[in-house]
Amino acid sequence: MTAGFCAFCAAAFLLLFCQGAAAKAPAFKVLAFYSTDVEPDHVHTAKDALVFFRELAAKNNFTFDETTEWAKLNDNDLKQYQLILWLNNFPQTAEQRAAFEKYMEHGGGWLGFHVAGYNDKTTNWPWFVDFMGGAVFYTNNWPPLPAKLIVDDPRHPVTKELPPTYTAPANEWYLWKPSPRLNKNVHVLVTLDPSNYPIGIKDIITSGDLPVVWTNTKYRMIYMNMGHGANGEKIYSDPIQNELFANAILWLGSQK
């Protein structure tokens, strides 16, 4: 065997090895934040979300890490992740809020569910209100109920594979004032169908524009109102809605 042939074989092996390593490199990295000391339904839904997103990560070659330590909302911990999820809570300290603002202002990605977007007059976080498109929590239905939803933009990557309407599993639906739709930077993707009104038994929503999925185009973000199942009906039990969740994380993760 000649030296030249050996060198060729070594180079070919090195090339194949590098190609294999590159193929296995994760497409992007996600860190999911959640809490275990919040409403039981929120905890249960977060645990269902963890199972769903772990399986999705394995199938789609992205890294999915999870933590209950909200102190990891800091510059050093966030810098290795292209996308963060808030599954059932939001930051509680000024330091965590400041780190999140910096992360998003410098191109980070965020996918928030249900109470992750909650804010009212007691929250005292004006940056986050603007981040949410000016939307402030106004009221909700109770108990959680299934609802017919309308896909506003069937061409968007997050909703393109969904039917024009579908019935979502039981959820506590939030009504916002003002509606985020009024903000020029907001692109609403899914809305509660007005045919659901009145919705609720104890607490009833009788009317109003109620977007449930939207993005503030100033940032790489999506908010989804889903996240409070009830009576054994799980948020992650519907294949159509699961497609929405999968599309959202894959789209956000692929953005630069």
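Check the entry above for the structure.
Residue numbering note: each chain is counted from 1, following its sequence as written. Note on the predicted model: pLDDT of at least 70 is required for a residue's local features to be given, and 80 or more for side-chain atom pairs to be given and counted; whole-chain, interface and lining totals, by contrast, use all residues. With hydrogens and water set aside, each side-chain value is computed from the structure's full complement of heavy atoms.

Undergrad: Help me understand the nonpolar core, please; the structure alone is not making it clear to me.
TA: As a rule of thumb, nonpolar side chains are buried together in soluble globular proteins. One finds F53, L85, L87, M224 and M226 to be the most contacted residues of the largest nonpolar core, which totals 47 residues. Secondary structure elements are defined from DSSP: runs of H or I of at least 4 residues count as helices, runs of E of at least 2 residues count as strands, and each element is numbered from the N terminus. The biggest single contributor to this core is helix α2 (residues 40-60), with 7 residues. Any two residues having at least one pair of non-hydrogen atoms within 4.5 Å are treated as being in contact. Residues in contact with F53, not counting those within four places in the same chain, are F62, F64, L85, L87, F113, Y236, F245 and I249. As used here, the term nonpolar core means buried Ala, Val, Leu, Ile, Met, Phe, Trp, Tyr and Cys residues forming a set that is joined through side-chain atoms within 4.5 Å. When accessible area is computed with a 1.4 Å probe and restricted to protein chains, residues below 20% of their type maximum are described as buried, those above 50% as exposed, and intermediate ones as partly exposed. L78, W86, A116 and F137 belong to the second-largest nonpolar core, a separate cluster that totals 30 residues.

Undergrad: Is there a simple way to explain the pattern of salt bridges in this structure?
TA: Where charged atoms from two side chains of opposite charge approach closely, those side chains can pair. Criterion for a salt bridge: a side-chain nitrogen of Lys or Arg within 4 Å of a carboxyl oxygen of Asp or Glu. Evaluated as defined, the whole model comprises 7 salt bridges. As a salt-bridge pair, D193 and K148 come within 3.6 Å of each other at their nearest N and O atoms. Of this pair, D193 sits in the loop between β9 (186-192) and β10 (211-216) while K148 sits in strand β6 (residues 145-151), and the two are 45 residues apart along the sequence. Between K202 and D203 there is a salt bridge, and its shortest N-O distance comes to 4.0 Å. Given the relative accessible area of 65%, K202 is considered exposed. The class of D203 is partly exposed, set by a relative accessible area of 30%.

Undergrad: I'm lost on the sheet that holds β10 in this one. Help?
TA: By definition, the strands of a sheet pair up through backbone hydrogen bonds, in either a parallel or an antiparallel sense. DSSP-based pairing: two strands are paired if at least 2 bridges between them are found. Within the open sheet, the 9 strands sit side by side as β2-β1-β3-β4-β11-β10-β9-β6-β7. Their pairing is mixed. Each end of this open sheet is capped by a strand with a single partner; those strands are β2 (63-67) and β7 (165-171). Averaged over all neighbouring strand pairs, the angle between strand axes comes to 20 degrees, with direction disregarded. The sheet contact formed by strand β4 (residues 109-113) and strand β11 (residues 220-224) spans 5 bridges and is parallel. Paired with L111 across the two strands is I222, which belongs to β11. Where helices are involved, their axes are fitted lines through C-alpha atoms of the stretch in contact, as for all axes, and angles between N-to-C directions lie from 0 to 180°.

Undergrad: Just to check I follow, could you spell out the pairing of strand β1 (residues 29-33) for this structure?
TA: Consecutive residues of a regular strand have side chains that alternate between opposite faces of the sheet. Burial analysis of β1 places 4 of its 5 residues in the buried class, which makes it a mostly covered element. The pairing of β1 with β2 spans 5 bridges and is parallel. Note that in β2 the partner of K29 across the bridge is T63. For the segment spanning β1, α2 and β2, crossover handedness is right-handed. In this sheet, strand β3 (residues 83-86) lies alongside β1 in parallel orientation, the contact comprising 4 bridges. In the strand pairing of β3, V30 is matched with L83. Handedness of a crossover: with both strands directed away from the viewer, a clockwise path from the first strand across the helix to the second marks it as right-handed.

Undergrad: So what exactly am I meant to see when it comes to helix α4 (residues 94-105) here?
TA: Residues lying three or four places apart along an α-helix face the same way, a consequence of the helix completing one turn every 3.6 residues. In this model, α4 (12 residues) spans 16 Å end to end at C-alpha, consistent with the 16 Å of a helix rising 1.5 Å per residue. Those residues of α4 hidden inside the fold are in contact with α3 (75-78), β3, β4, α5 (126-131) and β11. Positive phi appears at G107, one or two residues downstream of α4, with a value of about 95 degrees. Every helix has an expected span of 1.5 Å times one less than the residues it contains.

Undergrad: Help me understand the packing of aromatic side chains in this model?
TA: For any pair of aromatic rings, the description consists of the separation of the ring centres together with the inter-plane angle of the planes. Centres within 6.5 Å make a pair out of two Phe, Tyr or Trp rings, where for Trp the six-membered ring is used; the pair is then stacked when the planes are under 30 degrees apart, edge-to-face when over 60, and tilted otherwise. By the definition in use, this model includes 32 aromatic pairs. Geometrically, the ring pair formed by W110 and F128 is edge-to-face, given 6.3 Å between the ring centres and 90 degrees between the ring planes. Of this pair, W110 sits in strand β4 while F128 sits in helix α5, and the two are 18 residues apart along the sequence. Each member of the pair, W110 together with F128, is buried. On the basis of an interplanar angle of 45 degrees and a centroid distance of 4.9 Å, the ring pair of Y118 and F137 is categorised as tilted. Taken together, the positions of Y118 in the loop between β4 and α5 and F137 in strand β5 (residues 137-140) put the pair 19 residues apart, joining distant regions of the chain. For Y118, a relative accessible area of 23% corresponds to the partly exposed category. Residue F137 is classed as buried on the basis of its relative accessible area of 17%.

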